[in-house]
Amino acid sequence: MPMSASTIITGTGRYLPPRIVTNFDLEKIMNTTDEWIRQRSGIRERHYVEPGTGSSDLGFEAAVRAIEDAKSERSEIDFIIFATLSPDYYFPGNGVLIQHKLGLGTIGALDIRNQCSGFIYALSVADQYIKTGTFKKILLVAAEVQSTNLDYSDAGRDLAVLFGDGAAAVILEPNRSGDGRGVLSTHLFSDGKHASDLWMVHPSPKNKPTFYPEFIANREYYPRMDGRNVFKNASERMPEAVTIALEHNRLTVEDVALLIPHQANDRISQMVARGLKIPLEKVARNIDRYGNTTAASIPIALDEAAKEGRIKRGDIVVLTAFGSGYTWAAAVIRW
Ligand code: ACO
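Residues numbered from 1 in each chain as written. Predicted model: local features only at pLDDT ≥ 70, side-chain atom pairs only at ≥ 80, totals over all residues. Heavy atoms only, no water.

Chemist: Sorry if this is basic, but what is going on with the site of the ligand here?
Modeler: Thr-32, Arg-40, Arg-228, His-262 and Asn-265 are the nearest of the 22 residues found near the ligand. Between the ligand and Thr-32, the relevant distance is 2.6 Å, taken from a nitrogen atom to a side-chain nitrogen or oxygen of the residue. Arg-40 places a polar side-chain atom, nitrogen or oxygen, 2.5 Å from an oxygen atom of the ligand. Protein contacts shield 75% of the accessible area of the ligand, which totals 1000 Å² for the unbound molecule. For the shell around the ligand, the elements supplying multiple residues, two or more each, are helix 2 (34–41), helix 6 (157–160) and helix 8 (227–248). In terms of residue count, the dominant contributor to the shell around the ligand is helix 8 (4 residues). Taken together, the residues of the shell around the ligand sort by class into 12 nonpolar, 6 polar and 4 charged. (Near = heavy atom within 4 Å. Polar contact = N/O pair within 3.5 Å; in protein donor to acceptor, adjacent residues only side chain to side chain. Areas by Shrake-Rupley, 256 points an atom, 1.4 Å probe, with all protein chains shown as cover. Helix = DSSP H or I, 4+ residues; strand = E, 2+ residues; numbered from the N terminus. Nonpolar A, V, L, I, M, F, W, Y, C, P; charged D, E, K, R; others polar.)

Structure (structure tokens):
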């Protein structure tokens, strides 16, 4: 009997657009302060694209880096998964756009729309394909361009200051060595009764006509958020998901080398750490430099941790996310 495969990450890469926008830059265009943003979220700066750059462009740059990091040839990739809430177009999805940009063969390309949980949802899909032997080298890209549709008026400033643009990618392959490395488990959750806590309702194909003057006049095409509900639920759901994931693998927080929570807000990350009784030194926190990059936030932090030598072969790395939907998730990886 051949050894059953686990899914390992053989390469990571990230790409942030060069333009840095500090809290002081935001002070010049909206009614906010550096102090308010730092105190409430821990964010100091974020990256914004120049108009004309889409999330598929950021994803392309990240993918090139991940493929190189995995010492792979583009021709070896046999499946694409693209997670984003900000695709270039309504349709088609970003998966096919990156397939074309990378010059890949006519391989399958799947789009994932699970907002801040998108990376872990995508990882769980990739894991099943690799474990069953369906695919041997999956490119998973997560990328967001959010800066082009943020409401800098008082009605949207709670949300506008939090988000940034960015991308990261990973390469996933089977590991049949029996050394125990790889994705140990993924755990996915949702509760749609909170859909309106964080959403963007217009334009909506359920309206005829889909585009009408009132929603534009009322600025209803911007994302809206009930920040307090999101804060409360994110702080509770992420520790809950991590606890379930660790128990599933008969592990404890002492076994964890690095926890990578979705970078929603540094105060949420601190609450998650407190809830799990895990020291902050073991928690990835880079929101000060990038803001909230939604699906891209976990793989950006993962790439940083890997490149900085913060995680070593055999380490237990735990990912957790929470976001619009609500959806939330956790994954345990032996690196
Ligand atoms: N600058 C200055 N003042 C602001 C800003 C801003 N950018 N935004 C809101 N305010 C004002 C409000 O208008 C309000 O003023 P008022 O008291 O005169 O009415 C005051 O600040 C306090 O507003 P609150 O909403 O009560 O502030 P709160 O302490 O709840 O913090 C925040 C708001 C930061 C959004 C918080 O609720 C939060 O972090 N929520 C989580 C949101 C989040 O992480 N979303 C990310 C997306 S989802 C995800 O990734 C999990």
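Chemist: Looking at this structure, I do not really get the pairing of strand 12 (residues 316–323). What am I missing?
Modeler: Within a regular beta strand, the side chains point alternately toward one face of the sheet and then the other, so they alternate between its two faces. Here strand 12 lies mainly inside the structure; 8 of its 8 residues are buried. Neither face of strand 12 is open: one carries Ile-316, Val-318, Thr-320 and Phe-322, the other Val-317, Leu-319, Ala-321 and Gly-323, and all of them are buried. Pairing geometry for strand 11 (residues 256–261) and strand 12, over 5 bridges, is parallel. Across the sheet, Leu-258 pairs through a bridge with Val-317, a residue of strand 12. Looking at chain direction, strand 12 and strand 13 (residues 327–334) are connected through 8 bridges and run antiparallel. Bridged to Phe-322 within strand 13 is Trp-328. Counting the residues in the hairpin turn of strand 12 and strand 13 gives 3 residues, including Gly-325, whose phi is positive at 145 degrees. (Buried < 20%, exposed > 50% of the residue type's maximum accessible area, 1.4 Å probe, protein only. Pairing = 2+ DSSP bridges.)

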